[in-house]
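Listed below, chain by chain, are the residues.
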Amino acid sequence: MGTLTDPLDLLESESIYILREAYGRIAPLGMLWSLGKDSNVMVWLARKAFLGHVPFPVIHVDTGKKFPEMYAFRERYAKEWGLDLLTGECPPVDEMDPSLPPAARSAARKTAGLKTLIESYGFAGVIAGIRRDEEAVRAKERVFSPRGGDSRWNLRDQPPEFWDQFKTDFAPGTHIRVHPLLHWTEVDIWRYIRRENIPIVDLYYAKNGMRYRSLGDQDITHPVPSDAATIDDVIAELETTRTAERTGRAMDHEAEDVFERLRSSGYM
Amino acid sequence: MTDTHIAAAEGSLPIVIVGHVDHGKSTLIGRLLIDTGALPEGKLESVKAMARRRRMPFEWSFVMDAFQAERDQGITIDTTRIAFQSEQRRYVIIDAPGHKEFLKNMITGAASAEAALLVVDAEEGVQEQTRRHAYLLNLLGVDQVAVIVNKMDLIGHDQDRFRDIEQQIRTYLTEIGIAPSAVIPISARHGDMIAQRAQALDWFDGPTVLEALDGFEPRNATKAQQLRLPIQDVYKFDHRRLFAGRIESGRLTVGDTLTFAPDGKTGQVASIESWNTPAPQISAVAGQSVAITLRDDVFIERGALAHHQGTAPRTSNRLYVRLFWLGADALSVGETLRLKIGTNSREVQVQRIDRVIDVESLQGLESDQVPRNGVAEVELASRDPIAFDEYDKHPKTGRGVLIKDYDIVAGCIVLPGALGQNHASSATKNIFLTPNRVDGAVRAEKNGHRGGVIWLTGLSGAGKTTLAMALEAILFDQGYQVVVLDGDNLRHGLNGDLGFSAAERTENIRRTAEVARLFQDAGTIAIVSLISPTRDDRDKARDIVGPSFHEVHVHADLSVCEGRDPKGLYAKARSGALPNFTGVDAPYEAPTKPELHIDTGGETVDQSLQRLLTFVENNFSKSRTARRGAA
C-alpha cells in the first residue's frame, strides 16, 4: 500500500488541493501573475489542478518599470498557456504614503494598483504566490487570509487554520488572499521548475558573475553575485547559501518594520 | 542520481516548540539557529544592532521576533516558521505562542508538526499552559515529543530538582497517552545541551536537543489502508465530468467500483486524469490530489466520501466527539454549528455536553457549557446523515472543525462511542432530530441520577432475567427511575414479527437498543436482558445508546445453564425442535471488555445483586458522576 512520499509530489498535491478549494469557494477569483519564478510555478499548478485549464483570470499589476525581458515573457506565455490576462496600471509614486522610505514607497504603488484592479473587477479573492520562507512577516500568513474592506491584513487576529480546514466562509465585503505556495521553499520552487521544465525569465541565471534571485521593479531590485548559469547551478548554490533571497530587494532593508507596514496595508 | 536529488528526496521534518509563556521557547530556537549555522548572513548582526538602537539588552529570542508588536510586548503572537538542518536532515521549526490568549495560533502551528519539543522552565516547573499544550499535542495527533527543561543555570544545574520536574511531567504525559522520547536539561541562553554537551550538566547522559530531534521519525502519511476519497469538486471543462479530490488513505485503481457515502451511490472508475504527466495513470495513492471520471452517469456532489465496497465509513446523524473550543463565547447545549469533516459540511446541533475535561487534573466535569479554550466530549446531531470514521481508525476522515457564522470555532476528533445507527439506506435522511427542551442534565438533576442502559448479555439460563427483575425492584424502592426491557417480553409485542435467524436477531437487538435509548433520554435506567450473542450486534447497540451504555456479562458455564434450564429450552434444542439455539447450535461470543462481569455459577444471587447495586451507584448516581476521570 503506497502513500505519496516524494517531497515535490507532496508539495504539488497540497497546492492543487488549495487551488481547488479556492476555485470552489470564492467567486469571482483571480490569480496574481508577477511573471517571476514563483508565480509561473503557481500558474503551472493551476493547470495541474484544472487539467490544463486556468479557469480564472490572471492579473499582472504593471508598475511600468519591469525588465523588458519580463514583458516579452508575459506576451508569449499568456498566449501559449491560454491565459485570461488582466493588466492594471499603478498610480504615480508621489501619491504614496510619504512617511515610507523611498524604495518601499515605490513598492507601495503596486499595492495601490492592485487595490484599484480588485475594486474595478469586483474580485472576492486573489491567489498570490508568497512563501513562508521568503520573509519573516510572510511566515505568519495563513493559506486563506481574510482582509478587511480596505485590503488591510489584521495580523494580530488571524483565523485558526489546521488539518487543511481553511477558513472559506466570509462575511459579505471580506476580501480573501489565497496562498497556495506558502509551504514551499525557494529551493523547492527551483527543483519543481527543473522537474516540470517550467519556462522562466533568464534574468535568474548568472551573466558576468551576477544574477537576480528575486525579480521586482528595475529601479529597486539588484542582482547578487553568482556564477549560477544553469538551473542545476542555481539549485546547488541555494543548497549552500546563507544569503537571504530578498537581499536584492531594496525596500526590505530600509527599516526593520517596513515589510510589515507594507503587508498590513495590502502588499503581497 | 545526483546529490541534489538525494537532498530533494529527503524533505524536511516540521517540528513545533511549545510550552508555557516565558519558559524560553524563542531563546531555544534562536540558539538552535545559531548553533546549526542556519541564520542568513547578517541577520544576527542586524538584530543586535536593532537591540542597541532600542537600548535593550540583546536576547536570543529577538532573532525570531520579526514583529514590532512582539518585541514591544515580548510575546510571540503568531506562529513563525524557520528552517535549519542538522547533519542528519532538514527541519522546519514552528514557534507556537505560549500565551493563553493565542491558543488558536498555537493550534494552527502545532497541527502541522510531526514532532514537538515541550519547553519547561526549571525554576517554575510545569505550569498550566505546559499541560494544556501537551494535552492539545495529543489531541492534534502529534505523538513524538521530547521535553526540554530550560534555564538549568538558574537552579545551579541541580540534578535533584531536574529529576523532580522530570517526574512531574512524565506522570502527566503518561496519563494523557504521550511517551516522551527524552527529558533533557538545558540552558538555552548559554547554548548548553542544544548542539553541544555542557560541563555543568555532565551528570546527564541522555541526548542533546539536536540528537533528540534527529531521533524523531518522519510521520507515516497514514496507517489506514482503506480507501477514503472525499470529493472536493466536480468539473466539466469539456465533455468529461471530473470528480476531484485528495485521497486521504488507501489506493485507487482504474476499474475500481466506488461507493459514495452517505448516499450509497456507486460508480466504476473509468480514468484518472492528469496534466503534464509522463504516462496515463492507472492508480493513485494516499496524499495524491486526483481527478477521476466514472463509467456510469452518477450524480455526486462535493462532500461525498468515496470508498470501496465492504470497507465503508460510518454513516450516522449522531456523532460523539472530543473537541477543543476556540470560540470567544462559551459553547452551550442546543447551539447550532456547522461540522466540516473532509470536504463535507453539515449543520449540527449540540445535543449534549457529556463532560468538560479539566486539562490540569484531567477530571471530567459535568457542565452545560464549554468555556473558551476548553476541551469537552460532546454529542452532535444533524438533520442529514454524515459519513465519517472514528479518529483512531482513520485520522484524516475522523476529525474536523466546527464553524459558527463565518469562523472556525473548534476542532474535533470522532470518538469510538459515536452514536446513531449505521444506515446503508437513506430512510431517515429527511427526519431532523428536534432537541428536547428538557435535556438529560435537567432530568438527572431532578431524578438524582443519570439515565443510562445496563445491557445484560449471556446464555439462556445464566440468570439475566432473574437479576434484571430483582435489580429493578430494589432500585425502584430506592427512588430510581428504572425499567426492565426483557428480550422474551419484547418479542410478544414490538419484536413479535421477528424470528431467530442471524438477520432477525440483529434487528431484534437494534430495536431493543433504540427503545433503551429512548428510556435513557427520558432519564430512566433501562436494564436490558437479552442473550445478544454476537459482539458485532452488541457493539451496534453500544453505538446506538452512546457512552452511557454499560455492558454486563452474566456468565455461567453452558453445563450449569443447561442444568438449570428454567424454560426447558435446552432440552428442546437438543432434540432438534428449536434450531439456532445459542450455546447448542448457534455460537455465543463472550464480551472481551464488559464494564462488569458476573459469574452466577460461582456466587449467590444476593452477591451478584450487591455488585450490580454498587455498579449502579458508581455509574449513575448524581453524587458520584463528577468523579469520572478522563478517558
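Residues numbered from 1 in each chain as written. Chains lettered and ligands numbered in written order. Predicted model: local features only at pLDDT ≥ 70, side-chain atom pairs only at ≥ 80, totals over all residues. Heavy atoms only, no water.

Looking only at helices and strands, chain A has 7 helices and 8 strands in total. Within chain A, the proportion of its 268 residues that are buried is 65%. Long-range contacts, defined here as pairs at least 24 residues apart, represent 72% of the contacts in chain A between residues at least 6 apart. For chain A, the accessible surface area stands at approximately 9,500 Å², while carbon and sulfur atoms represent 50% of it. (Helix = DSSP H or I, 4+ residues; strand = E, 2+ residues; numbered from the N terminus. Buried < 20%, exposed > 50% of the residue type's maximum accessible area, 1.4 Å probe, protein only. Contact = heavy atoms within 4.5 Å. Areas by Shrake-Rupley, 256 points an atom, 1.4 Å probe, with all protein chains shown as cover.)

Right, let's get into the domain arrangement of chain A. All names here are of chain A. When its domains are assigned, chain A resolves into domain 1 (9–154 + 172–185 + 256–264) and domain 2 (200–253). Each partner contributes residues to the interface: domain 1 has 23 residues there, and domain 2 has 17 residues. Summed over both partners, the interface of domain 1 with domain 2 buries about 1,800 Å², with 61% contributed by carbon and sulfur atoms. Considering only the side of domain 1, the residues that lose the most area to domain 2 are Lys37, Lys65 and Phe67, jointly responsible for 32% of the buried surface there. On the surface where domain 1 and domain 2 come into contact, there are 0 salt bridges. On the surface where domain 1 and domain 2 come into contact, there are 1 residue pair in polar contact (both at pLDDT 80 or more). At the level of secondary structure, the elements contributing two or more residues to the side of domain 1 that touches domain 2 comprise α2 (37–49), α3 (68–80), α4 (102–121) and α7 (258–264). (Domains from an automatic or database assignment. Buried area = accessible area lost by both parts, 1.4 Å probe. Salt bridge = Lys/Arg side-chain N within 4 Å of Asp/Glu carboxyl O. Polar contact = N/O pair within 3.5 Å; in protein donor to acceptor, adjacent residues only side chain to side chain.)

Residue and element names in this part refer to chain A. Pairing in this open sheet of 6 strands is mixed, and the strands run β3-β2-β1-β4-β6-β5 from one edge to the other. A strand with exactly one partner marks an edge of an open sheet, and here the two such strands are β3 (85–89) and β5 (144–147). Adjacent strand axes in the sheet meet at a mean angle of 30°, parallel and antiparallel pairs treated alike. Its contacts with the sheet place α4 against β1 (29–32), β2 (58–62), β3, β4 (125–127) and β6 (175–178), and it is angled at close to 140° to β2. (Pairing = 2+ DSSP bridges. Axes fitted to C-alpha atoms, helices over the stretch in contact; angles between N-to-C directions.)

Tallied over the entire structure, the rule returns 27 aromatic pairs over all chains. Measuring from ring centre to ring centre gives 5.1 Å for A:Phe144 and A:Phe166, while their planes differ by 20°; the resulting arrangement is stacked. With A:Phe144 in strand β5 and A:Phe166 in the loop between β5 and β6, the pair connects residues that are 22 residues apart, well separated along the chain. We classify A:Phe166 as buried; its relative accessible area is 4%. Ring geometry for B:Phe162 versus B:Trp203: centroids 5.6 Å apart, planes at 50°, classification tilted. On the criterion of sequence distance, the pair formed by B:Phe162 in helix α7 (residues 159–176) and B:Trp203 in the loop between β6 (182–185) and α8 (209–214) is long-range, its members being 41 residues apart. Connected via pairs of aromatic rings, a cluster forms that spans A:Trp33, A:Trp44, A:Phe73, A:Tyr77, A:Trp81 and B:Trp275. Above the plane of the ring of A:Trp44 lies A:Arg47, whose end atom (NZ or CZ) is 5.5 Å from the centre. (Phe/Tyr/Trp six-rings, centres within 6.5 Å; stacked < 30°, edge-to-face > 60°. Lys NZ or Arg CZ within 6 Å of the ring centre and 35° of its normal.)

All right, on to the pairing of β2(A) then. Residue and element names in this part refer to chain A. Where burial is concerned, most of β2 is hidden: 5 out of the 5 residues are buried. Residues of β2 alternate between two faces, with Val58, His60 and Asp62 on one and Ile59 and Val61 on the opposite face, all of them buried. In terms of strand pairing, β1 meets β2 through 2 bridges, oriented parallel. When the sheet's bridge partners are listed, Met31 is paired in β2 with Val58. Taking the sense of rotation as the criterion, the β-α-β connection linking β1, α2 and β2 turns out right-handed. Viewed along the sheet, the connection from β2 through α3 into β3 turns out right-handed. (Right-handed = clockwise from strand over helix to strand, strands pointing away.)

Counting residues in each nonpolar core, the largest one holds 79 residues, and the members touching the most others are B:Leu213 and B:Phe324. What B:Leu213 contacts, discounting residues up to four positions off in sequence, is B:Ile15, B:Leu32, B:Phe84, B:Arg89, B:Tyr91 and B:Leu117. Counting residues in hydrophobic clusters, the runner-up holds 65 residues, among them A:Ala46, A:Ala78, A:Phe144 and A:Val201. (Core = buried A, V, L, I, M, F, W, Y, C linked by side-chain atoms within 4.5 Å.)

Residues and elements named next belong to chain B. The antiparallel closed barrel is built from 6 strands, whose spatial order is β7-β8-β13-β11-β10-β14. This sheet shows a mean twist of 50° between the axes of neighbouring strands, independent of strand direction. As paired elements, strand β10 (residues 257–261) and strand β11 (residues 265–273) share 4 bridges and run antiparallel to each other. Bridge pairing in β11 places Thr259 opposite Thr266.

Here A:Arg191 lies in helix α5 (residues 186–196). A polar side-chain atom of A:Arg191 sits 2.5 Å from a polar atom in the side chain of A:Glu239.

All names here are of chain B. Direction vectors running N to C along helix α10 (residues 464–477) and helix α16 (residues 605–620) enclose 55°, while the axes themselves pass 10 Å from each other. Comparing the axis directions of α10 and α16 gives the class oblique. As for the relative orientation of α10 and α16, their crossing is right-handed in sense. From α10, Leu467, Ala470, Leu471, Ile474 and Leu475 reach across to α16, where they touch Val605, Ser608, Leu609, Leu612, Leu613 and Val616. Residues that form the contact of α10 with α16 fall into these classes: 10 nonpolar, 1 polar and no charged. (Parallel < 35°, antiparallel > 145°, perpendicular 65-115°, else oblique. Left-handed = near helix turned anticlockwise from the far one by under 90°. Nonpolar A, V, L, I, M, F, W, Y, C, P; charged D, E, K, R; others polar.)

Right, let's talk about the environment of B:Leu365 for a bit. All names here are of chain B. Following the sequence through the fold, Leu365 ends up in strand β19 (residues 364–365). Sequence spacing of Leu365 and Asp354 is 11 residues, and the spatial spacing of their C-alpha atoms is 8.5 Å. Excluding anything up to four places from it in sequence, Leu365 contacts Arg355, Val356 and Asp358.

Taken as a whole and judged by the stated rule, the model has 56 salt bridges over all chains. The network of salt bridges with shared partners includes B:Arg318, B:Arg352, B:Asp354, B:Glu366, B:Glu379, B:Arg450, B:Arg517 and B:Asp521.

Attention shifts here to unusual backbone geometry. At the junction of A:Ala27 and A:Pro28, the peptide bond is cis and its omega measures out at -5° in the coordinates. Here A:Pro28 is to be found in the loop between α1 (7–25) and β1. Backbone torsion omega between B:Ala261 and B:Pro262 reads 5°, so that peptide bond is classified as cis. Here B:Pro262 lies in the loop between β10 and β11.

Residue and element names in this part refer to chain B. Taken N-terminus to C-terminus, the directions of helix α6 (residues 128–140) and α7 make an angle of 35°; their axes are 10 Å apart at the nearest point. Two packed elements cross with a definite hand, and for α6 against α7 that hand is right-handed. Residues Thr130, Arg131, Ala134, Tyr135 and Asn138 of α6 lie in contact with α7, whose contacting residues are Gln168, Ile169, Tyr172, Leu173 and Ile176. Grouping the amino acids of the contact of α6 with α7 by side-chain chemistry returns 6 nonpolar, 3 polar and 1 charged.

On average, residues of chain A carry a pLDDT of 86, and 87% of them reach 70 or more. The least confident element of chain A is α7(A), whose mean pLDDT is 64; the most confident is α2(A), at 97. (pLDDT = per-residue confidence, 0-100.)

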